[in-house]
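# Close look at the chain arrangement
Given next are the chains, with one letter for each unit.
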There are 2 protein chains.
Amino acid sequence: MMELTRKGEYAIRGIVYLATRPDDQVCLLSDIAAAVDVPPTFLAKIFQQFSKIGLVKSYRGTGGGFILGRTADKITLLDVVEAVEGPIIPNRCVTGGDDCERSHTCKVHPVWVSVQKQVRDILAAVSLKELAGKQEKP
Amino acid sequence: MMELTRKGEYAIRGIVYLATRPDDQVCLLSDIAAAVDVPPTFLAKIFQQFSKIGLVKSYRGTGGGFILGRTADKITLLDVVEAVEGPIIPNRCVTGGDDCERSHTCKVHPVWVSVQKQVRDILAAVSLKELAGKQEKP
DNA sequence: CTAAAAAAGATAAAAATAGTCTTATAGGGG
DNA sequence: CCCCTATAAGACTATTTTTATCTTTTTTAG
C-alpha cells in the first residue's frame, strides 16, 4: 500500500541528479537518463511534466537540455512527487474540497486527513539541495 | 499517490460495521455487505482474508456468519489495512530486509523510512472500538 | 538549411484492480 | 440421511493503471 510508482521513483532520481550538476549548465535528457538508469523516452515524459509546472526549465534545439527551474533548496521532495504522481491522497474522502458525504459522520476521515498532513510535511521538509548532497552544513 | 484501493475502503467499512454489532452475535456477510454498500462477493473475499489472520472468526452453515476475532479495542486500523493491502511501503527500497542496494548511499531512503513509520504509527493508534463509536470516554 | 534537441500525441504491452462465477466444504434441523 | 444455509476456495473476466515506445512536430544554434 501507498507505494510510489516507477514514474515517481524515476522522477526523483532524474531531478536529484540534475540538482547535483553545476547550476547553470544545461543537461541533456539522454545524459540524465543514462546516469540514473531510466528509459530515456519515459524520463522525457516526466521532465515534460516538470517543465510545465516550472520545476525545470527546458531549452530546445542544438545545445538544449534542462536545468532546474529554481534553486535546489527551493524544490522539495513533495514538489517532485506531486508533480508526477498527483496530490497525496490516502483516501478518496480526503480531497481539497469535500466530496465525501460521510466526512462529518465518518470516524475514519480524520485519520486520513492526519496521514495526509504527516506525509506532506515530511516530504515538504526535504529539499533537492539536501538530496543532492549539497547540505548547508556538512 | 498513496491512495487506498476500493478493497481497502470496503474492508474498513465492513469490519467497522461488524464492530458496531453486539459482541457475540454472528453476523451474516450478506447483511454486512448490504449495510455498508459493498458487493457481497467482493466483501466475501475480503472477509476470507480477515479470517485467515484471525481478525474475524467465521462460522459456516446454518446460523453461520462472522464475529470479530478479538475485542474491538485490540484491532487497529493498521491491522485492517495491512490485512488487505499488504504492508505500508512508500517505496520499494523500504522493505523489512534490505533489497535496496542503494540504501546506505541513497539520501531519499531515510525519508521513506520516516514516512512509513509515521503512517504506521497513526494507523496503529486507532482501534475499531473508537471507529465504531464505542469510545472508552464519550 | 541542417542537425540537434525537447514537446506532443498516438499506440501498446503488462500488471493491478475490481469484480463475478462456480464448485467445494461445513453445520443445523427434520 | 437429506436438504438448506452459509462460508471457503479457486477460476475466470473486464476495466483501469502503469510502463513504457514510436512518430511527428516544433524550436534553436550554427
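Calculation rules
Residues numbered from 1 in each chain as written. Chains lettered and ligands numbered in written order. Predicted model: local features only at pLDDT ≥ 70, side-chain atom pairs only at ≥ 80, totals over all residues. Heavy atoms only, no water. Buried < 20%, exposed > 50% of the residue type's maximum accessible area, 1.4 Å probe, protein only. Helix = DSSP H or I, 4+ residues; strand = E, 2+ residues; numbered from the N terminus. Arc of directions from axis to C-beta. Contact = heavy atoms within 4.5 Å. Near = heavy atom within 4 Å. Polar contact = N/O pair within 3.5 Å; in protein donor to acceptor, adjacent residues only side chain to side chain. Nonpolar A, V, L, I, M, F, W, Y, C, P; charged D, E, K, R; others polar. Expected span 1.5 Å × (residues − 1). Least-squares fit on C-alpha atoms with pLDDT ≥ 70 in both. Disulfide = S-S within 2.5 Å. Buried area = accessible area lost by both parts, 1.4 Å probe. Salt bridge = Lys/Arg side-chain N within 4 Å of Asp/Glu carboxyl O. Axes fitted to C-alpha atoms, helices over the stretch in contact; angles between N-to-C directions. Parallel < 35°, antiparallel > 145°, perpendicular 65-115°, else oblique. Core = buried A, V, L, I, M, F, W, Y, C linked by side-chain atoms within 4.5 Å. Phe/Tyr/Trp six-rings, centres within 6.5 Å; stacked < 30°, edge-to-face > 60°.

## So, helix α2 (residues 29-36) of chain A
Residue and element names in this part refer to chain A. Of all the positions in α2, only Leu29, Ile32, Ala33 and Val36 are classed as buried. Looking straight down α2, one finds its buried side chains confined to an arc of 100 degrees; they lie on one side. Of the surrounding secondary structure, the elements contacted by the buried residues of α2 are α1 (6-20), α3 (40-52) and β2 (65-68). Where α2 terminates, the next one or two residues include aspartate 37, which has phi positive at roughly 60 degrees.

## Describing the protein's contact with DNA strand C
In the vicinity of DNA strand C there are 25 residues, among which Lys45, Ser58 and Arg60 of chain A together with Arg60 and Thr62 of chain B approach most closely. In DNA strand C, the atoms that sit within 4 Å of the protein are 64% sugar and phosphate, with bases accounting for the remainder. Threonine 62 of chain A is positioned such that a nitrogen or oxygen atom in its side chain is 3.5 Å from a sugar or linking oxygen of DNA strand C. Here a sugar or linking oxygen of DNA strand C sits 3.3 Å away from a polar atom, N or O, in the side chain of arginine 60 of chain B. Elements with a minimum of two residues in the surface near DNA strand C: α3, β1 (56-59) and β2 of chain A together with α1 (6-20) and α3 (40-52) of chain B. It is α3 of chain A that provides the largest number of residues to the surface near DNA strand C, a total of four residues. Along the lines of polarity and charge, the residues of the surface near DNA strand C split into seven nonpolar, 11 polar and seven charged.

## A short note on helix α5 (residues 109-124) of chain B
Residues and elements named next belong to chain B. Look at α5: 22 Å from first C-alpha to last across 16 residues, which is about the 22 Å you get at 1.5 Å a residue. Considered for burial, the residues of α5 that qualify are His109, Val111, Trp112, Val115, Gln116, Val119, Ile122 and Leu123. End-on view of α5: buried residues confined to an arc of 160 degrees, all on one side of the axis.

## Topic: the relation of the copies chain A and chain B
Taken together, a rotation about one axis and a shift along it account for how the two chain copies relate. Screw-axis analysis of chain A against chain B gives a translation of 0.0 Å along the axis, an RMSD of 0.0 Å, and a rotation angle of 180 degrees. Accordingly, the operation relating the two chain copies is best matched by a two-fold axis. No C-alpha of chain A lies nearer the rotation axis than that of methionine 2 of chain A, which sits 1.8 Å from it.

## Some remarks on the state of the cysteines
One pass over the full model with this rule turns up zero disulfides over all chains. The thiol of cysteine 27 of chain A is unpaired, and the distance to the nearest cysteine sulfur, on cysteine 106 of chain B, comes to 19 Å. Accessibility expressed as a relative area gives 5% for cysteine 27 of chain A, which makes it buried.

## What about the interface of chain A and chain B?
On the chain B side, the residues contacting the 36 residues of chain A number 36 residues. Of the roughly 3,100 Å² buried between chain A and chain B on both sides combined, carbon and sulfur atoms contribute 64%. The largest share of the area that chain A buries against chain B comes from Met1, Met2 and Arg92 of chain A, three residues that together contribute 23% of it. Where chain A touches chain B, the interface holds two salt bridges.

## Digging into the packing of α1 of chain A against α3 of chain A
All names here are of chain A. Relative to each other, α1 and α3 sit at 75 degrees, their axes nearing to 10 Å. Relative to α3, the element α1 is oriented roughly perpendicular. Contact residues: Lys7, Tyr10, Ala11, Gly14, Ile15 and Leu18 in α1; Phe42, Leu43, Ile46, Phe47, Gln49 and Phe50 in α3. Of the residues assigned to the contact of α1 with α3, the class counts are nine nonpolar, two polar and one charged.

## Things to note about the nonpolar core
One finds Phe50 and Trp112 of chain A together with Phe50 and Trp112 of chain B to be the most contacted residues of the largest nonpolar core, which totals 94 residues. Excluding residues within four positions of it along the chain, tryptophan 112 of chain B makes contact with Leu4, Ile12, Val81 and Leu123 of chain A together with Met1, Pro90, Asn91, Cys93 and Val94 of chain B.

## As for the side chain of asparagine 91 of chain A
Positionally, asparagine 91 of chain A belongs in the loop between α4 (77-85) and α5 (109-124). Discounting chain neighbours no more than four positions away, the residues touching asparagine 91 of chain A are Trp112 of chain A together with Glu3, Leu4 and Glu9 of chain B.

## Re the packing of aromatic side chains
Summed over the entire model, instances satisfying the criterion amount to six aromatic pairs over all chains. Three or more aromatic residues joined by ring pairs form one cluster here, namely Phe47, Phe50 and Phe66 of chain A.

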